[in-house]
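Given next are the chains, with one letter for each unit.
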Amino acid sequence: MFLTKHPDLKLNIPWYLTQISFLLLPINPLGGMLVICTAIIIIFRLKYRVIISQYINWGFAILGGSLIMTSLFAFDRVSAISGLINFLPYFIIFAGLSQLLYSVSTLEQLARIIYFGSVPITVLGFGQIWWGLQGEIQNILIPGWYLRAMGNPSGRMSSLFYHANFLASFLTIIWVLGLGLIILELRKSNTDKKIFYLSLLLVINSLTFIALILTHSRNGWMTTLVTCLAFAIYLGWRWILLTVAIVSGAIIIAAFGNPPVRDWFRLIVPMFIWARINDQFYPNRDVETLRITLWKFSWHLALKSPWKGWGLGSFKHLYQPQSQIVIGHSHNLTLMLLSEVGIPWTVFFYFLVGWILAKGIILLTKINLDNSEEKLIIFTYLTAFFASILFHVFDVTIFDERVNLISWSILSAIHGLTNNKKRKYFT
């Protein structure tokens, strides 16, 4: 994968570092984070005045200060302060990357880098599930690099991630970026189209889709179907809408239908899909482990301390005495924030993110129809971030730095593009 130059020559060094960072990130998270932090420091030195002049960055600075204050008065200060690492660094990275990612060419290149950088993760995942590949590396360069045979939980592909759900969250974003890159290449004229490159994109996205299935993540499956529908509606491809509707209907009938119709569909739909959907793979689960139970408890905590919350990371310490089960979070990002940082700051957080996404959607509607490639890139980034949001309705994967960094980089790219004063493709 070649590295490209930045439109602004002054930003070439941080741009090269950013590309290298996202190539390293999947297999060496620490190395990727160190490189991106170096890039951000350089960007701040070059663009400090511009960064501090943007209201959205002041908003995240205020939010960061509030998180620090709530952590100091948290139920468990150690967990709350350590939980800040999942938020504060990314506020800074967001501010820096938005000065780097402001053109369609940089967005396309970033998508390409993230996409190809995911290949080792997918390959190792297949080796883990099909050939029992396992291994561990413990050193200062690659701390905690661990591949468990048959995945975690057993039988579910997790690759180098701690849990299969983290891998599923990562792969849903990769899947969306891949769809965008494939459609972008298909739209090129025959003279510009690179057959080998297109074939490579198709192979990688096919492997990504298979890997998503092997994670056995219902959340990942649902998010993938929704993103397919989003692209089908955007492109006007009715046959995809029909295909997704038929496949979804068959799975739902096989999982929840009544005999004998249900039995007919179970001859078509693989058992590992319908049995996972209706939870027959994990029967007689404890009520304390069900998402609805976790959500109710998290909402109860939010109502008991609505203004300042209980502190980041407090859920597990409050839930364990009641349930006698250790569960780290409430499996819903909104409820987690409501209970841990309070209602006002959760609303403020979503206001900031929503403002950026709203500007992205407005930009999408204003671009000339002649600039279909630009529209497709913006649509792809918006869809990728909404896919991340949808995934966080049923799980919380911000605890993995790879998922978190890629999500924040996508959001910063949307903000950078909408905030670019030199756009030339408006109507």
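Note that the structure is a prediction, hence the values are computed from the model and not measured.

(A) Structural detail: the pattern of salt bridges. On inspection of all chains with the given rule, the structure shows 3 salt bridges. Asp8 is paired through a salt bridge with Lys47; the nearest N and O atoms lie 3.9 Å apart. Placement of Asp8 in the segment before helix 1 (12–24) and of Lys47 in helix 2 (residues 29–52) is noted, with a sequence separation of 39 residues between them. Of the residues examined, Asp8 reaches a relative accessible area of 21% and is grouped as partly exposed. Across the pair Arg112 and Glu108 runs a salt bridge whose closest N-O atoms are separated by 2.8 Å. With a gap of 4 residues between them, Arg112 and Glu108 both fall in helix 6 (residues 104–117), about one helical turn apart.

(B) Seen up close, helix 10 (residues 218–235). Between the first and last C-alpha of helix 10 there are 26 Å, a value that for 18 residues agrees with the 26 Å anticipated at 1.5 Å per step. Residues Asn219, Gly220, Trp221, Thr223, Thr224, Thr227, Cys228, Phe231, Ala232 and Leu235 constitute the buried set of helix 10. Considering only its buried residues, helix 10 is in contact with helix 8 (164–186), helix 9 (195–214), helix 11 (238–256), helix 13 (271–277) and helix 18 (372–394).

(C) The environment of Thr383, seen in detail. On the secondary structure map, Thr383 appears in helix 18. Using a relative accessible area of 8% as the deciding quantity, one classes Thr383 as buried. Once residues within four sequence positions are removed from consideration, Thr383 is found in contact with Val176, Thr227, Ala230 and Phe231.

(D) Layout of the nonpolar core. The biggest cluster of nonpolar side chains holds 103 residues, and the ones touching the most others in it are Phe22, Phe60, Phe170 and Tyr381. At 15 residues, helix 8 tops the list of elements feeding residues into this core. Residues contacting Phe60, with those up to four places away along its chain left out, are Phe91, Phe94, Phe349, Leu352, Ile356 and Trp408. Ala250, Ile251, Ala255 and Trp274 belong to the second largest nonpolar core, which has 9 residues in total.

How each quantity is defined
Residues numbered from 1 in each chain as written. Predicted model: local features only at pLDDT ≥ 70, side-chain atom pairs only at ≥ 80, totals over all residues. Heavy atoms only, no water. Salt bridge = Lys/Arg side-chain N within 4 Å of Asp/Glu carboxyl O. Helix = DSSP H or I, 4+ residues; strand = E, 2+ residues; numbered from the N terminus. Buried < 20%, exposed > 50% of the residue type's maximum accessible area, 1.4 Å probe, protein only. Expected span 1.5 Å × (residues − 1). Contact = heavy atoms within 4.5 Å. Core = buried A, V, L, I, M, F, W, Y, C linked by side-chain atoms within 4.5 Å.

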